[in-house]
Amino acid sequence: MKVVFMGTPDFSVPALERIAEKHQVEAVVTRQDRPKGRGHKVQFTPVKEKALELNIPVFQPEKVRNPEFVDILKQMNPDVIVVIAFGQILSKEILDLPKYGCINVHASLLPKYRGAAPIQWAVIDGQENSGVTTMYMADGIDTGDMIDKTVVKLDKKETGGSLFDKLALEGGKLILETLEKLENHTATRTPQNEEEATHAGKITKELGEIDFHKSAVEIERLIRGLNPWPSAFTFLDGKVLKIWDADVVDEAVKEEPGTICSKNKKLKIATGEGYLDIKELQLEGKKRMDVISFLNGYQINDEKLGK
């Protein structure tokens, strides 16, 4: 099949690799390069880097729906357009262009977790399962008819990062199955149940500030869901303290939420329900380290975490 691939981040790369092995990728369309880091050096998107490695032409229109670029797509005449975490909305003219339509790979078991951050929210919300769905793209956000799904069970210590990696690989496998069904005319359309739909809003840095009035279970899930970005954090001695890993201690709490209850080779924190046993952390200006190394080198003055 003649494929145009639209995607931007690391998540899209495994699918591009798998598709390129089996199909003719006419072009890759990705977001424009942006300056990053302290030096503001222009950095290619992960999808662009992989496309160049595979000798696939790359297009980076400011807006994919611009008439000039739509004309370019028409000249390519793709059989299908595959869209994975592209970051732009496609016009109806583009959606109607390919023979087999525009197919999206979404990192959730739709209709659950439509939107920008389905992976992190699945961890934060304590879901037992997540997965990947392929669907026909429609005018709404992640509302199109579903084609295929694959289910992934979350580990007890699943993080946003580890689930991201798993679902990226599964997405690469699933899109090949879907493309084969499209080519063989065996792909089915399953409308989404709107009553079961949920929305996964954008993740912000502010979301990571820990509220110790919440239960230890909720906080521990937040820590995992926001690992590696943007990270869960609190404050110690007036400095930002990132929490990378913690365990839940299911015991009755007598202290005020945020109270540091142990400093002897452990950092046990009172919450609204249960204790949080911190295992890995990072104080502002310092490296990420295990709690024992931290306590060996830092004298804690405050008796509570937080502002």
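A short tour of the structure in this document, coming up. Everything numeric here is computed off the predicted structure, so don't read it as measured data.

1. Concerning the overall build of the protein chain
1) Next: Looking only at helices and strands, the protein chain has eight helices and 17 strands in total.
2) Next: When burial is assessed residue by residue, the protein chain has 48% of its 307 residues classed as buried.
3) Next: Sequence separation of at least 24 residues holds for 64% of the intrachain contacts in the protein chain that already meet a minimum separation of 6.
4) Next: One finds the centroid of the 43 positive side-chain charges in the protein chain at a distance of 4 Å from the centroid of its 48 negative side-chain charges.

2. Some thoughts on the nonpolar core
1) Next: With 38 residues, the main nonpolar core has Phe 5 and Ile 19 as its most contacted residues.
2) Next: Among the elements that line this core, the one with the most residues is helix α6 (residues 160–184), at eight residues.
3) Next: Setting aside chain neighbours within four positions, we find Ile 19 in contact with Val 3, Phe 5, Val 25, Val 82, Ile 175, Leu 176 and Leu 179.
4) Next: Counting residues in hydrophobic clusters, the runner-up holds 28 residues, among them Ile 210, Ile 278, Leu 281 and Leu 295.

3. Focus: the packing of helix α1 (residues 13–22) against helix α2 (residues 46–53)
1) Next: Between α1 and α2, the shortest axis-to-axis distance is 9 Å and the interhelical angle comes to 25 degrees. By the angle between their axes, α1 is roughly parallel relative to α2. The two elements α1 and α2 meet at a crossing, and its hand is right-handed. Residues Val 13, Leu 16 and Glu 17 of α1 touch α2, and the partners they reach there are Pro 46, Val 47, Lys 50 and Ala 51.
2) Next: Taken together, the residues of the contact of α1 with α2 break down into five nonpolar, no polar and two charged.

4. Quick look at the pattern of salt bridges
1) Next: Tallied over the full model, the rule gives 19 salt bridges.
2) Next: The shortest N-O distance in the salt bridge between Lys 157 and Glu 220 comes to 3.4 Å. Separated by 63 residues along the polypeptide, Lys 157 in the loop between β10 (146–153) and α6 and Glu 220 in helix α7 (residues 216–225) bring together distant segments of the chain.
3) Next: Taking the relative accessible area as the measure of exposure, Lys 157 reaches 36% and is therefore partly exposed.
4) Next: Exposure remark for Glu 220: the relative accessible area of 9% places this residue in the buried category.

5. A look at the sheet that holds strand β6 (residues 80–84)
1) Next: As summarised here, the arrangement of the seven strands in space is β5-β2-β1-β6-β7-β9-β10, forming an open sheet in which the pairing is mixed. Edge positions in the sheet fall to β5 (58–59) and β10, since each has one partner strand and no second.
2) Next: Note that strand β2 (residues 24–29) and β5 share two bridges and pair parallel. By the bridge assignment for β5, Val 29 is matched with Phe 59.

6. Things to note about α6
1) Next: Along its 25 residues, α6 runs 36 Å from first to last C-alpha, staying within 8% of the 36 Å computed at 1.5 Å per residue.
2) Next: Once α6 ends, the next one or two residues include His 185, with phi positive near 60 degrees.

7. Quick word on the pairing of strand β1 (residues 2–7)
Regular strands place their side chains on alternate faces of the sheet.
1) Next: A large share of β1 lies buried, amounting to five of its six residues.
2) Next: Note on the crossover from β1 through α1 to β2: the handedness is right-handed.
3) Next: Relative to β6, β1 runs parallel, the two being bridged by five bridges. In the strand pairing of β6, Phe 5 is matched with Val 82.

8. Things to note about the environment of Pro 111
1) Next: Considering the arrangement of structural elements, one finds Pro 111 in the loop between β7 (102–106) and β8 (114–115).
2) Next: Residues contacting Pro 111, with those up to four places away along its chain left out, are Gln 192, Asn 193, Glu 196, Ala 197 and Thr 198.

9. Overview of the packing of α1 against α6
1) Next: Orientation of α1 relative to α6, taken along the N-to-C sense of each, is 35 degrees, at an axis distance of 7 Å. Judged by the twist between their axes, the crossing of α1 over α6 is right-handed. Mapping the contact onto sequence places Pro 14, Ala 15, Arg 18, Ile 19 and Lys 22 in α1 and Ala 168, Leu 169, Gly 172, Lys 173, Ile 175, Leu 176 and Leu 179 in α6.
2) Next: Tallied by class, residues from the contact of α1 with α6 come to eight nonpolar, one polar and three charged.

Analysis parameters
Residues numbered from 1 in each chain as written. Predicted model: local features only at pLDDT ≥ 70, side-chain atom pairs only at ≥ 80, totals over all residues. Heavy atoms only, no water. Helix = DSSP H or I, 4+ residues; strand = E, 2+ residues; numbered from the N terminus. Buried < 20%, exposed > 50% of the residue type's maximum accessible area, 1.4 Å probe, protein only. Contact = heavy atoms within 4.5 Å. Lys, Arg positive; Asp, Glu negative; His and termini not counted. Charge placed at Lys NZ, Arg CZ, Asp CG, Glu CD. Core = buried A, V, L, I, M, F, W, Y, C linked by side-chain atoms within 4.5 Å. Axes fitted to C-alpha atoms, helices over the stretch in contact; angles between N-to-C directions. Parallel < 35°, antiparallel > 145°, perpendicular 65-115°, else oblique. Left-handed = near helix turned anticlockwise from the far one by under 90°. Nonpolar A, V, L, I, M, F, W, Y, C, P; charged D, E, K, R; others polar. Salt bridge = Lys/Arg side-chain N within 4 Å of Asp/Glu carboxyl O. Pairing = 2+ DSSP bridges. Expected span 1.5 Å × (residues − 1). Right-handed = clockwise from strand over helix to strand, strands pointing away.

No statement about biological role is implied by the geometric values presented.
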